Amino acid sequence: MTGGARGLGAAHARRLVAEDAKVVIGDVLVKEGQALVEELGARNALFVELDVTSEVSWTAAVARTEEVYGKVTGLVNNAGLVHRCPIEELTEADYRRVIDVNEIGVFPAPRRGSATSSRRARRSPAARTGTRTSPVC
Ligand SMILES: NC(=O)c1ccc[n+]([C@@H]2O[C@H](COP(=O)([O-])OP(=O)(O)OC[C@H]3O[C@@H](n4cnc5c(N)ncnc54)[C@H](O)[C@@H]3O)[C@@H](O)[C@H]2O)c1
């Protein structure tokens, strides 16, 4: 569950654990993610620090997931952000950050995973929660 430390991602994680899934919460918010794992129970959930814009971060997160739970069988691309500001204050860096997280961060979701799990991951469910691509100004 990317962006699972709070909000909708945390709600999805709670529901999945209630249905007996093992859930990995990947987020940049370490404290919130760890608190959620405490709430869900360490046998049901794992927190990994994940920045969805970083390939290195993805590789480490998937490796840790496989170490603890084995192959990844589903992915929810929930992480996303909206940058709210007056249009005259919007910088190119702000705009690029939104594109990086909301667009590049989900590309290409089925490829996420180790070499050994990539074929399986291609057949696995990958869900995307409906994020706007553009910042709201
Ligand atoms: N809440 C809504 O009404 C609504 C409506 C449409 C779409 N969405 C989308 O649903 C998703 C969740 O929304 P929410 O309201 O729970 O938002 P939220 O801001 O509460 O949660 C988003 C989570 O994504 C994480 N995140 C941000 N950048 C990240 C990165 N680079 N790497 C990893 N994690 C990162 C944040 O830390 C946060 O935990 C978002 O993609 C949002 O755009 C929400």
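This is a predicted model, so every value here is computed, not measured.

On to the confidence of the model for the protein, then. Across the protein, the average pLDDT comes to 86, with 78% of residues at or above 70. Below a pLDDT of 50 lies the segment residues 131-137, which in the model reaches 23 contacts outside its immediate sequence neighbourhood of four places, other chains included.

What follows covers the environment of Val28. Position of Val28 relative to the elements: it lies in the loop between strand S1 (23-27) and helix H2 (30-40). Between the alpha carbons of Val28 and Val48 there is a distance of 8.7 Å; along the sequence they are 20 residues apart. Once residues within four sequence positions are removed from consideration, Val28 is found in contact with Leu50 and Asp51.

Here the focus is the nonpolar core. With 12 residues, the main nonpolar core is built from Met1, Ala10, Ala13, Val17, Val23, Ile25, Leu36, Val37, Leu40, Ala45, Phe47 and Val76. Counting only elements with at least two residues in this core, the list comes to helix H1 (7-18), S1, H2 and strand S2 (45-49). Filtering out sequence-adjacent residues up to four positions away, Ala45 remains in contact with Val23, Ile25, Val37, Leu40 and Tyr69. Formed by 11 residues, the second largest nonpolar core is a distinct cluster that contains Val24, Leu46, Leu75 and Val101.

Let's shift gears to the packing of H1 against H2. Two elements in contact, H1 and H2, have axes whose closest approach is 11 Å; the angle formed by their N-to-C orientations is 25 degrees. Our classification of the angle between H1 and H2 gives roughly parallel. H1 and H2 meet at a crossing whose hand is right-handed. Seen from H1, the contacting residues are Ala10, Ala13, Arg14 and Val17; seen from H2, they are Leu36, Glu39 and Leu40. Taken together, the residues that form the contact of H1 with H2 break down as 5 nonpolar, no polar and 2 charged.

Attention now goes to unusual backbone geometry. The phi dihedral of Asp20 falls on the positive side, at around 75 degrees, and the residue is not glycine. The residue Asp20 is located in the loop between H1 and S1 in this model.

Time to look at the pairing of S2. The two faces of a sheet get side chains in turn, since along a regular strand they alternate between them. Summarising burial for S2: 4 of the 5 residues are buried, a large majority. Where S1 and S2 come together, 5 bridges link them in parallel fashion. Following the sheet pairing, Gly26 is matched in S2 by Val48. Considered for its hand, the β-α-β crossover made up of S1, H2 and S2 is right-handed.

A few words now on the pattern of salt bridges. Counting across every chain of the model gives 5 salt bridges. Across the pair Glu92 and Arg96 runs a salt bridge whose closest N-O atoms are separated by 2.8 Å. With Glu92 and Arg96 both in helix H4 (residues 92-102), this residue pair falls 4 residues apart, about one helical turn.

Taken as a whole, H2 has its buried residues at Gly33, Leu36, Val37 and Leu40. Down the axis of H2, the smallest arc covering the buried residues is 100 degrees, so these residues share one side. Of the residues in H2, the exposed ones pointing more than 90 degrees away from the buried face are Lys31 and Glu38. On its buried face, H2 sits against H1, S1 and S2. Immediately downstream of H2, the backbone of Gly41 shows phi near 100 degrees, a positive value.

Rules behind the numbers
Residues numbered from 1 in each chain as written. Predicted model: local features only at pLDDT ≥ 70, side-chain atom pairs only at ≥ 80, totals over all residues. Heavy atoms only, no water. pLDDT = per-residue confidence, 0-100. Contact = heavy atoms within 4.5 Å. Helix = DSSP H or I, 4+ residues; strand = E, 2+ residues; numbered from the N terminus. Core = buried A, V, L, I, M, F, W, Y, C linked by side-chain atoms within 4.5 Å. Buried < 20%, exposed > 50% of the residue type's maximum accessible area, 1.4 Å probe, protein only. Axes fitted to C-alpha atoms, helices over the stretch in contact; angles between N-to-C directions. Parallel < 35°, antiparallel > 145°, perpendicular 65-115°, else oblique. Left-handed = near helix turned anticlockwise from the far one by under 90°. Nonpolar A, V, L, I, M, F, W, Y, C, P; charged D, E, K, R; others polar. Pairing = 2+ DSSP bridges. Right-handed = clockwise from strand over helix to strand, strands pointing away. Salt bridge = Lys/Arg side-chain N within 4 Å of Asp/Glu carboxyl O. Arc of directions from axis to C-beta.

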